[in-house]
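Single-letter residue listing:
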Amino acid sequence: MEPRVNDEPVKKRRYLSPEEKYEIFLEVSRGDIPVGEVLRKWGIHSSDLKRIRETVKAGALREFQGRRSRKPMVSAAQVDRLSKEKERLEQTIIEQSVELSLLKKA
């Protein structure tokens, strides 16, 4: 038997997927449809919309946090190791250039 309040059936709680919540956020943000109409369409309350907006804002802030540079972060040890490798390769190129010029003269 279905639970009843004041002789009316109690509506089951509606669970929205993350994709549905984001779609609701986008529909409201676009502004081409009145907010009330979006709420009725999805069967949610304004408090649900407020929670969705707060979640989207928190997610965006969390995602942007700590991304101050496009350059990858490297440690000082990695920089030192790469500098030594660069010097070694430059020295190898110089040696091969000398060797090549000597072979050309011969």
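Further up the page is the structure itself.
What counts, and at which threshold
Residues numbered from 1 in each chain as written. Predicted model: local features only at pLDDT ≥ 70, side-chain atom pairs only at ≥ 80, totals over all residues. Heavy atoms only, no water. Salt bridge = Lys/Arg side-chain N within 4 Å of Asp/Glu carboxyl O. Helix = DSSP H or I, 4+ residues; strand = E, 2+ residues; numbered from the N terminus. Buried < 20%, exposed > 50% of the residue type's maximum accessible area, 1.4 Å probe, protein only. Patch = residues over 30% accessible without salt bridge, like charges linked within 9 Å, V, L, I, M, F, W, Y side chains within 5 Å. Areas by Shrake-Rupley, 256 points an atom, 1.4 Å probe, with all protein chains shown as cover. Phe/Tyr/Trp six-rings, centres within 6.5 Å; stacked < 30°, edge-to-face > 60°. Core = buried A, V, L, I, M, F, W, Y, C linked by side-chain atoms within 4.5 Å. Contact = heavy atoms within 4.5 Å.

Colleague: Can you help me understand the pattern of salt bridges in this one?
Modeller: One side chain can pair with another of opposite charge once the charged atoms of both are near each other. Scanning all chains against the criterion turns up six salt bridges. When the shortest N-O distance is used, the salt bridge between Asp-80 and Lys-84 registers 3.5 Å. Note that Asp-80 and Lys-84 are positioned in helix 4 (residues 76-105) at a spacing of four residues, about one turn of the helix. For Asp-80, a relative accessible area of 40% translates into the label partly exposed. Residue classification places Lys-84 among the exposed residues on the basis of a relative accessible area of 53%.

Colleague: Help me out: how do you make sense of a nonpolar patch on the surface in this one?
Modeller: On the surface, a cluster of nonpolar side chains totalling about 280 Å² of accessible area is made up of Ile-94, Val-98 and Leu-102. Checked against the element boundaries, Leu-102 lands in helix 4.

Colleague: Is there a simple way to think about the packing of aromatic side chains in this case?
Modeller: What characterises a pair of aromatic rings is the spacing of the ring centres plus the angle enclosed by the ring planes. Considering all chains together, one arrives at one aromatic pair under this definition. Taken together, a centroid distance of 6.1 Å and an interplanar angle of 25° make the contact between Tyr-22 and Phe-25 stacked. Here Tyr-22 and its partner Phe-25 are both found in helix 1 (residues 18-30), three residues apart, which amounts to about one turn of the helix.

Colleague: Explain the nonpolar core here, please?
Modeller: General note: in soluble globular proteins, nonpolar side chains tend to be found buried as a group. Residues Leu-16, Ile-24, Val-28, Val-38, Leu-39, Trp-42, Ile-44, Leu-49 and Ile-52 constitute the largest nonpolar core, which totals nine residues. Contributions of two or more residues to this core are made by helix 1, helix 2 (35-42) and helix 3 (46-64). A total of three residues in this core trace back to one element, the largest contributor, which is helix 2. Residues in contact with Ile-52, not counting those within four places in the same chain, are Lys-21, Ile-24, Phe-25 and Ile-44.

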